[in-house]
2 protein chains.
Amino acid sequence: MATLLKAAPISQRIVKDLTYECTQLKEKGLTPHLQVILVGEHPPSVIYTRNKKKFMENMGATCDIHKLPEDISEKDFLEILKGHGSNPKNNGLFVQLPLPSHLSHIDVGQLVPPEKDVDGFHAHNLYSLLSGDKGDNSLLPCTPKGVITMLQEHNVTLEGKKVAIIGRSLIVGKPLTLLMTNHNATVTLCHSRTENLKEVCQNADIIVAAIGKARFLDNSFLNKDKNQILIDVGINHDESGKLCGDIDQASVEDHCALLTPVPGGVGKMTILSLGENLIQATKIQMENSHV
Amino acid sequence: MATLLKAAPISQRIVKDLTYECTQLKEKGLTPHLQVILVGEHPPSVIYTRNKKKFMENMGATCDIHKLPEDISEKDFLEILKGHGSNPKNNGLFVQLPLPSHLSHIDVGQLVPPEKDVDGFHAHNLYSLLSGDKGDNSLLPCTPKGVITMLQEHNVTLEGKKVAIIGRSLIVGKPLTLLMTNHNATVTLCHSRTENLKEVCQNADIIVAAIGKARFLDNSFLNKDKNQILIDVGINHDESGKLCGDIDQASVEDHCALLTPVPGGVGKMTILSLGENLIQATKIQMENSHV
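The structure presented is a predicted model; accordingly, all values stated were derived computationally and were not measured. Residue numbers restart at each chain and count upward from 1, following the sequence in its written direction. Throughout, the order in which chains and ligands are written sets their labels, letters from A for the former and numbers from 1 for the latter. Local features in this predicted model are restricted to residues whose pLDDT is 70 or higher, and side-chain atom pairs enter the listing and the counts only when it is 80 or higher, whereas totals over whole chains, interfaces and linings include all residues.

## Comments concerning the overall build of chain A
Defined as follows: Helical segments are the DSSP runs of H or I of at least four residues, strand segments are the runs of E of at least two, and each set is numbered from the N terminus. Buried, partly exposed and exposed are defined by the number of other C-beta atoms within 10 Å of a residue's own C-beta, namely 20 or more, between the two limits, and 12 or fewer respectively, with C-beta atoms placed from the backbone. What counts as a contact here is a pair of residues whose C-beta atoms, placed from the backbone, lie within 7 Å.
Regarding its fold elements, chain A presents nine helices and 11 strands. With respect to the three principal axes, the spread of C-alpha positions in chain A is 55 × 40 × 35 Å. Residue burial in chain A is summarised as follows: out of 291 residues, 47% are buried. In chain A, the share of contacts with a sequence separation of at least 24, taken over all contacts with a separation of at least 6, comes to 70%.

Structure representation (structure tokens):
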């Protein structure tokens, strides 16, 4: 039976490290501050932002959620976003998505200064990934970063590994392809138009499912070696409303070596990455101000 | 024996189209203008910039090469670059590489305004690729764009194809991975740390060699079907000084369906892409000025 790659023990270690880093920064007179913008009262967004605030405060940073009315005008929204971007008090800044439909055309990630972009989606941060960075000099998108952290914690080296990533999104599939390539893995980026997807997966050492289809990947995608590592990025609800991933855990667990559960796997890593990005953003700004 | 995918016949068609587009723009009072900056007298760079100027003038655009002394200070260089960037006369702008060593740390692609970035390496243009753009709304890196044009001209569809790209550079491998993915191919990005490279290549419908090793890829990388398409992005010199690609043409030509020669293949496409980007840049600026 596969070992479950759970986030909880990793979380303990990382929260401890982040708390230490916060203390160090505070001793230099800098308390990392995350500014969140929340438009409207979309219930999951309210919960997500509350959890992020709690996490940041728990590690010793501060966090403020600026709540804006659902019907705020585009002009006012952009002005407030710009104001937060230029406020030196804010070390990290992001807008909780989704935005109401009248604002949804705005690519908010591009309007946050790159050095405060704790979500890691500003073009300048993604450019670092294209340039070969592993995250040492940039702010990485949180979910791809979390996947790498998880593998590293379990001593899985990426060097020379064959990886099949299913799903070509801007949020996960594409940046993770670049990041894993920078870690010397050989990545095949698969998607809805990929032919012989099962064959590609059977050939891989590591499979990442990031397509958003409940329990899509079952054991028919695996080879017989029982050595494969399965990373489940999906967060879906099945017909009965139960939370589940893109991987059918019951089907694969006797056919692979390592498997991330849903819930309690990659999803939980994302908030840790956000915390790491806030610390890194604060350090980048500190260095910039000394130049 | 493989059909050779030569650039010359494609070039004729594209130059005709570009000339027509230039005429159209001129009728609207706009002659596309390319500004080139050349530092020093590196002989290949002198030839490249001269060829680019000739090409632009041949299609009806104008082109100016601003020659700067080899020992220009960083401050003066950056000021001149900035001046050209903000000059509304310049529709396209690029700095010929390589720069002298005292300037080589400058990432010039990021200092050109994205809407004038005919080389396609500004973070904002690469971000479009990550967002799924096929080049309709952005300026694409010239070599990847040229590869796609070549395949389209020979009615090779990318949808559902398996592609092995060898070489993970910022110039070719990574942007071409994204671009081909946006065209619905399934891409495996290979590099020096890839294990079983021959197996990956044998499994591919299309192989792109972009590693910079003279005649690296021979028929041992191919399968027996003789249906594979080989794209050679390499421009090398062999021991005797002869120009050659990354693919050993003599070795593979009886074992594949289509093959781009070196010289006369992908290399020639790059300047066509530059011409297309200049036209597109001019149009983008025209639209922006009307907003």
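## A closer look at the sheet that holds strand β3 (residues 62–68) of chain B
Residues and elements named next belong to chain B. Put simply, the test is: Following DSSP output, two strands are said to pair if at least two bridges run between them. For helices, the fitted axis covers only the stretch in contact; all axes are lines through C-alpha atoms, and the angles between them, taken along N-to-C directions, range from 0 to 180 degrees.
Spatial strand order, β3-β2-β4: three strands in an open sheet with parallel pairing. Two strands in the sheet have a free side with no partner beyond their single neighbour: β3 and β4 (92–95). Averaged over all pairs of adjacent strands, the angle between their axes in this sheet comes to 15°, without regard to strand direction. Where strand β2 (residues 33–39) meets β4, four bridges bridge the pair, whose relative direction is parallel. In the strand pairing of β4, leucine 34 is matched with glycine 92. The sheet strands contacting helix α2 (residues 43–58) are β2 and β3, and the helix crosses β3 at an angle near 160°.

## Topic: the sheet that holds strand β1 (residues 3–4) of chain A
Taken together, the 12 strands give an open sheet; going across it, the order is β1(A)-β11(A)-β8(A)-β7(A)-β5(A)-β6(A)-β6(B)-β5(B)-β7(B)-β8(B)-β11(B)-β1(B), and neighbouring strands pair in mixed fashion. Only two strands of the sheet have a single neighbouring strand rather than two, namely β1 of chain A together with β1 (3–4) of chain B. Where strand β7 (residues 206–209) of chain A meets strand β8 (residues 229–232) of chain A, four bridges bridge the pair, whose relative direction is parallel. Across the sheet, residue alanine 209 of chain A finds its bridge partner in β8 of chain A, namely aspartate 232 of chain A. Relative to the sheet, helix α6 (residues 173–182) of chain B contacts β6 (186–190) of chain A together with β5 (162–166), β6 (186–190) and β7 (206–209) of chain B, its axis offset from that of β6 of chain B by approximately 170°.

## Observations concerning the domain arrangement of chain A
To keep things clear, this is the line we draw: Residue ranges for the domains originate in an automatic or database domain assignment.
Taken domain by domain, chain A consists of domain 1 (29–113) and domain 2 (141–267). A C-alpha centroid distance of 30 Å is found between domain 1 of chain A and domain 2 of chain A.

## Section: the interface of chain B and chain A
The condition is simple: When residues are sorted by character, Ala, Val, Leu, Ile, Met, Phe, Trp, Tyr, Cys and Pro go into the nonpolar class, Asp, Glu, Lys and Arg into the charged class, and all the rest, Gly among them, into the polar class.
Contacts between chain B and chain A engage 22 residues on the former and 22 residues on the latter. When residues of the side of chain B that touches chain A are traced back to their parent elements, those giving at least two are α4 (123–130), α6 and β6 of chain B. Among the residues forming the side of chain B that touches chain A, the class breakdown is nine nonpolar, eight polar and five charged.

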